[in-house]
Amino acid sequence: MATPITIGAAGGEYMESVVVVEWRVKPGDTVKAGEVVAVVETAKAATEVTAPCDGTMGRILAEEGAEVGVKDPIGLIGEGELDTPPAQAPGVTLPAEKAVPAAPAVPRKAGRVVASPVARKVAAREGVDLEALAGTGPRGRIKRRDVEAALRAGGAGSGAASFAEEAGPLAVTRGGGGEGAPILLIHGFASDAMVWRAVERALGKVRPVIRVELPCHGQSPKRRIGSFRELARAVTEAVDALDAGPVHLVGHSLGGAVALALADTRPQVVRSLMLLAPAGLGPEMEGTITAGLCRATRVESLAPWLKRLVGDPAIVTEKYAAAAMQARADARLRAAQTALAGVLFPDGTQAMDLTAALSRTAVPARIVWGKADALLPWRHAIAAPGTVGLHLLEGIGHMPHVEAPETVARILQDLIAAAESGGPR
Amino acid sequence: MAIMRYAEALNAALREEMERDPTVFVFGEDIATYGGVFKVTAGLAEAFGDRVRDTPISEQALTAMAVTAAMTGTKPVLEIMYADFMPLTLDALINQASIYNYIWDGQVTMPFVLRTQGGGGVGTGAQHAKSLDSLVAHIPGIKVVAPVTPADAKGLLLAAIRDPHPVVVLEHKLLYNTRGEVPDDQGPVEIGRARTVHEGSDVSIFATSRMVLEAEKAADALAGDGISAEVIDLRTLRPLDLGAITASVAKTNHAVVVNEDWGFCGYAAELSATIMDHAFDDLDAPVERVAALDMPIPYSQPLEEVVIPNADRIAAAARRALA
């Protein structure tokens, strides 16, 4: 057994290694504890190394000129090899820092999406709805990888990833009362059947009312729609299935374009046609509004866009906006509408053209348009042939049935009366 | 190309500048006859005589003297033995050196270099192991460099001496004996430029001084887990290389900042806030901070190892960022 000669305190501070300059003893010499056995040079100075115990000098492990680590033995006292490794400093375990609890993701507060900034940036750029995603980050945070996984799953394209296609018929609800040919209502983009409430109240229960909800809207299934033609066909099939006989057809905005297409392909079921700020009569539109509506996930971001839809922003009260957001709370619904907008309004343009259908229409028809419409220019109404009556409302925006329900109801009743006075068609 | 120790590289910079510019002089405690505690100034007294001065122990007076000397046409290089003694220099640094160029509208330059060394890791106790980086980096008008490699030690000290403004050179006691290649023609290294130690794509580790070496070890460990870490040696604490920082975060979306100073109100806090100011939209997780624990640096080495940041803590922070 041998005892190591180490640099010990002679190494000084901050040194990782020293150079052995000189050995004062040679193997076989008798040494006493504390006797100088070697000289080493540190970065500071040449320093003497002393024997740790009495004994006979054994092997030299670092010859003169050799560089050794400060903890390494440079030689041995006694026979044999070094058999006890140098003692290690006791290990100290670092307390875990900010340990992330392994608990499952905490359910997210409604209306508050927890996502990293870059995840938000990528989602906004790619049109992915964050609310439809499940985050894999700490405490359920949505990270970039989650957005990218959603994009991969759904393929490229805006919002394509965020909803699953549903089957089933379009949602149809009924109301009104009385007798005669029913009024069939088709709402606009990003809206639903509820929007007709004010007009129905103004009409009174004089007629049966049938409300159809567009695909990806209200209670209708979320379908992947590839073109306006597909959208119109879906509504036409729903109306065919109703077998309700001739109807007085009312369509608003995108619903107006659909109504026009329906009147064009099924003139036998349309007794009269009323178009409220209809789409499809020109390419211009304010695409930022539809994009803003699709994007909004909270009342705060939805309300400013709702105000752009009306002539008098005061109509959009907090309660109104909250109700509208409530109706749009389902992220899959918003994703489906975003995808639909991408098809119908590419680059903020009305891709469908129904001016020919309007010029062909033989049923009694009227167009009602607010002159303060910020979404679709009311001048598109001028595309109408002379047989179509135009009602241009001063100070009214894109939602005449919400902003001026009595006026709309009165015009509708006039139209119905005129259409029916001509006798059965 | 020569292999040099960090201390030798600093010595070479001082020697070259003293040869090149007769107004450069070096002074401090035990730096002439003894050659400095870390032998950075070894041999200079023999070569340059009176331009290398031993001084009494009075950091306050020495710094004030350096300010006056710099104002009046010479280039003082002052060595403060330990960063722990920096508080004594602060009146002259904060109330004089940092502001004179400004308040006298550029009529006064301040080519003053203050060299000091900080950091722990070898059990030198609470009064000899601090890293007071934020103390000096906080002051507008003072540049702060912290070289890690011998080449940068030479290049940044050259640049510091030639700079017309006050520059604090933060060295590290554990770096003096590290070796590295120093090109024979190693000239000044521009102050304010970070150095990409190696590129990576998953997480950016921004480190200063010796922590760069720990960051490199952490990156090796992370590579074993298939995580590609980019290690950036900031080299200059002030002014910061903002472009290098934002470019790296834009690439990796995750940032870990590492500094040996304390975390609370520390330099790592500044780095973290800077990243959030300038690269928020590129972040995929909160910036992770790795700094010394909030307590005096222990004398006991096993305890000191716990307090001072190391590769394991850096790797853990990177994993948290990527969680």
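Just so you know, these numbers come straight off a predicted model, no measurement behind them. (Residues numbered from 1 in each chain as written. Chains lettered and ligands numbered in written order. Predicted model: local features only at pLDDT ≥ 70, side-chain atom pairs only at ≥ 80, totals over all residues. Heavy atoms only, no water.)

1. Brief notes about the confidence of the model for chain A
Note: predicted coordinates in regions of low pLDDT should not be interpreted at a detailed level. Residue and element names in this part refer to chain A. Formally: For every residue, the predictor assigns a confidence score, pLDDT, that lies between 0 and 100. Note on definitions: a residue-residue contact is assigned when non-hydrogen atoms from the two residues lie within 4.5 Å.
When pLDDT is averaged across chain A, the result is 85; 88% of the residues are at 70 or more. Of the regions scoring below 50 in pLDDT, residues 85-109 engages in 20 contacts with residues more than four places distant in sequence or in other chains. Across residues 155-161, confidence stays below pLDDT 50; counting only partners more than four residues off in sequence or on other chains, it has 15 contacts.

2. So, the nonpolar core
In plain terms, the rule: To define a nonpolar core, start from buried Ala, Val, Leu, Ile, Met, Phe, Trp, Tyr and Cys residues and group those joined through side-chain atoms within 4.5 Å. Burial classes: relative accessible area under 20% of the type maximum marks a residue as buried, over 50% as exposed, and values in between as partly exposed (1.4 Å probe, protein chains only).
L184(A), F228(A), L273(A), M274(A) and I367(A) are the most contacted members of the largest nonpolar core, which has 88 residues in total. Excluding residues within four positions of it along the chain, L184(A) makes contact with I210(A), V212(A), V239(A), L242(A), V247(A), H248(A), L249(A) and V250(A). In terms of nonpolar packing, the next biggest core, distinct from the first, is built from 67 residues, L157(B), V258(B), A311(B) and I314(B) among them.

3. Comments concerning helix 1 (residues 6-20) of chain B
Let me state the cut-off plainly: Each helix is a run of H or I in the DSSP string that is no shorter than four residues. Each strand is a run of E no shorter than two, and both are numbered from the N terminus. Each residue after the first adds 1.5 Å to the expected span of a helix.
For helix 1 of chain B, spanning 15 residues, the distance from its first C-alpha to its last is 21 Å, which sits close to the expected 21 Å at 1.5 Å a residue. Residues of helix 1 of chain B that are buried: Y6(B), A7(B), A9(B), L10(B), N11(B), A12(B), A13(B), L14(B), E17(B) and M18(B).

4. Here we look at the packing of helix 1 of chain B against helix 7 (residues 150-162) of chain B
Residue and element names in this part refer to chain B. Filter applied, for reference: In this analysis, axes come from line fits to C-alpha atoms, helices being fitted only over the stretch in contact, and the angle between any two N-to-C directions falls in the range 0 to 180 degrees. We call two directions roughly parallel when the angle between them is under 35 degrees, roughly antiparallel when it is over 145, roughly perpendicular when it lies between 65 and 115, and oblique otherwise. Left-handed is the label given to a crossing in which the near helix is rotated counterclockwise from the far helix by less than a right angle, and right-handed is the label when the rotation is clockwise. Here the nonpolar group is Ala, Val, Leu, Ile, Met, Phe, Trp, Tyr, Cys and Pro; Asp, Glu, Lys and Arg are the charged ones; every other residue, Gly included, is treated as polar.
At their nearest, the axes of helix 1 and helix 7 sit 8 Å apart, and the two run at 30° to each other. Considering the angle they form, helix 1 stands roughly parallel to helix 7. Both helix 1 and helix 7 take part in a crossing whose hand is right-handed. Along its contact with helix 1, which presents Y6, A9, L10, A12, A13, L14, E16, E17 and R20, the element helix 7 presents P150, A153, K154, L157, L158, I161 and R162. The residue makeup of the contact of helix 1 with helix 7, split by class, is eleven nonpolar, no polar and five charged.

5. What to know about the packing of aromatic side chains
Stated formally: Each pair of aromatic rings taken from Phe, Tyr and Trp, with Trp reduced to its six-membered ring, is defined by centres within 6.5 Å and is described as stacked if the planes are under 30 degrees apart, edge-to-face if over 60, and tilted in the remaining cases. Ring-over charges, as used throughout, are those where CZ of Arg or NZ of Lys falls within 6 Å of the ring centre and within 35 degrees of the ring normal.
Tallied over the full model, the rule gives seven aromatic pairs over all chains. When the ring of F25(B) is compared with that of F27(B), the centres are 5.4 Å apart and the planes differ by 20°; the resulting orientation is stacked. The exposure class assigned to F27(B) is buried, which follows from its relative accessible area of 1%. Ring geometry for Y100(B) and W104(B): centres 4.7 Å apart, planes at 35°, overall tilted. Every member of this aromatic cluster is reached through a ring pair, and the members are Y6(B), F38(B), Y82(B), F85(B) and Y176(B). Taking the ring centre of W378(A) as reference, the NZ or CZ of K371(A) above it sits at 5.2 Å. Sitting above the plane of the Y34(B) ring, K39(B) keeps its charged end 3.6 Å from the centroid.

6. Examining the packing of helix 9 (residues 242-252) of chain B against helix 10 (residues 267-279) of chain B
Residues and elements named next belong to chain B. Helix 10 packs onto helix 9 with a crossing angle of 70° between their chain directions and a minimal axis gap of 10 Å. In this view, helix 9 runs roughly perpendicular relative to helix 10, as classed from their interaxial angle. Two packed elements cross with a definite hand, and for helix 9 against helix 10 that hand is right-handed. When helix 9 is examined against helix 10, the residues L242, I245, T246 and V249 are found in contact with a partner set consisting of L271, T274, I275, H278 and A279. Here the residues of the contact of helix 9 with helix 10 sort into six nonpolar, three polar and no charged.

7. Observations concerning the sheet that holds strand 5 (residues 113-118) of chain B
All names here are of chain B. The condition that has to hold: A pair of strands is labelled paired if DSSP reports no fewer than 2 bridges between them.
Read from one edge of the open sheet, seven strands run 3-2-4-5-7-6-12, paired in mixed fashion. The open sheet terminates on both sides in strands that have one partner only, identified here as strand 3 (52-54) and strand 12 (236-238). Strand after strand, the sheet turns through a mean of 20° between neighbouring axes, direction not considered. Those strands touched by helix 3 (residues 59-71) are strand 2 (24-28), strand 4 (75-80) and strand 5, and its axis lies near 165° from that of strand 4.

8. Things to note about the pattern of salt bridges
Residue and element names in this part refer to chain A. Filter applied, for reference: Here, a salt bridge means any side-chain nitrogen of Lys or Arg that lies within 4 Å of a carboxyl oxygen of Asp or Glu.
This structure, assessed with the given rule, holds 35 salt bridges over all chains. With its nearest N and O atoms 3.4 Å apart, the salt bridge here joins E131 to R334. You can see E131 sitting in the loop between helix 1 (117-126) and helix 2 (144-154) and its partner R334 sitting in helix 9 (residues 331-344), a full 203 residues away along the chain. Taking the relative accessible area as the measure of exposure, R334 reaches 0% and is therefore buried.

9. As for unusual backbone geometry
Between R238(B) and P239(B) the backbone carries a cis peptide bond, its omega angle lying at 0°. Mapped onto the elements of the fold, P239(B) is located in the loop between strand 12 and helix 9. Phi at A277(A) takes a positive value of approximately 40°, unusual for a residue other than glycine. For A277(A), the position within the fold is in the loop between strand 13 (270-276) and helix 6 (287-295). A277(A) gets classed as buried once you look at its relative accessible area, which sits at 0%.

10. A look at the side chain of R5(B)
Quick reminder of the rule: When charges are counted, Lys and Arg contribute as positive and Asp and Glu as negative, whereas His and the chain ends are disregarded.
Relative to the helices and strands, R5(B) resides in strand 1 (residues 2-5). For the buried R5(B), no salt bridge exists, and the shortest N-O distance to an oppositely charged side chain is 4.0 Å, to E67(A).

11. Concerning the UniProt feature "domain: Peripheral subunit-binding (PSBD)" (unreviewed entry) in chain A
Convention followed: UniProt positions are given in the numbering used here, feature names are shortened, and annotations may be inferred rather than shown by experiment.
Within the UniProt annotation, "domain: Peripheral subunit-binding (PSBD)" (unreviewed entry) is assigned to residues 114-151 of chain A. Measuring from the first to the last C-alpha atom of residues 114-151 of chain A gives 18 Å, for a span that is 47% helix and 0% strand.

12. Observations regarding the sheet that holds strand 13 of chain A
All names here are of chain A. Strands sit in the order 9-11-10-12-13-14-15 across an open sheet of seven strands; the sheet is mixed. The strands lining the two open edges of the sheet, one partner per strand, are strand 9 (172-176) and strand 15 (389-393). Between one strand axis and the next, the sheet turns through 20° on average, direction left out of account. Pairing of strand 10 (residues 183-186) with strand 12 (residues 247-252), which is carried by four bridges, proceeds in the parallel orientation. Opposite L184, over in strand 12, you have L249 as the bridge partner. Contacts from helix 4 (residues 228-242) reach strand 9, strand 10 and strand 11 (208-212), with the element oriented near 155° to strand 10. Where helix 5 (residues 254-265) meets the sheet, it contacts strand 10, strand 12 and strand 13, and its direction lies at approximately 145° from that of strand 12.

13. Topic: helix 8 (residues 211-224) of chain B
All names here are of chain B. The criterion, for reference: In this description, the arc belongs to the directions extending from the helix axis to the C-beta atoms.
Over its 14 residues, helix 8 extends 20 Å from the first C-alpha to the last, a length consistent with the 20 Å expected when each residue adds 1.5 Å. Within helix 8 the residues assigned to the buried category are M211, V212, E214, A215, A218, A219 and L222. An end-on view of helix 8 places all buried positions within 150° of arc, on one side of the element. When the buried face of helix 8 is taken as reference, the exposed residues oriented beyond 90 degrees from it are D220 and G224. Close packing links the buried residues of helix 8 with strand 9 (195-198), strand 10 (203-207), strand 11 (229-233), strand 13 (255-262) and helix 12 (311-322).

14. Considerations on empty space enclosed by the protein
To find leftover empty space, a probe the size of one water molecule is rolled over the atoms. Selection rule: The pocket and cavity definitions rest on a 1 Å grid over protein atoms only: a 1.4 Å probe that fits but cannot leave marks a cavity, an open set with protein on both sides within 12 Å along at least five of seven lines marks a pocket, and residues lining either have an atom within 4 Å of a point. Grid points are joined across faces, edges and corners, and a volume is the space filled by probe spheres set on the points.
Counted according to the given criterion, the structure contains seven cavities of 30 Å³ or more. Space inside the largest cavity adds up to approximately 100 Å³. If you trace the largest cavity, you find 16 residues lining it, with S131(B), D133(B), E171(B), H172(B) and S209(B) closest to the centre. Residue assignment for the lining of the largest cavity shows that the elements contributing at least two residues are strand 5 and strand 7 (167-172) of chain B. A total of three residues in the lining of the largest cavity trace back to one element, the largest contributor, which is strand 7 of chain B. Here the lining of the largest cavity is built from residues that sort into four nonpolar, seven polar and five charged. Quantified by volume, the second largest cavity comes out at close to 60 Å³. What lines the second largest cavity is F189(A), S253(A), L254(A), A279(A), M285(A), T290(A), F345(A), Q350(A), L375(A) and L376(A). Here the lining of the second largest cavity is built from residues that sort into seven nonpolar, three polar and no charged.

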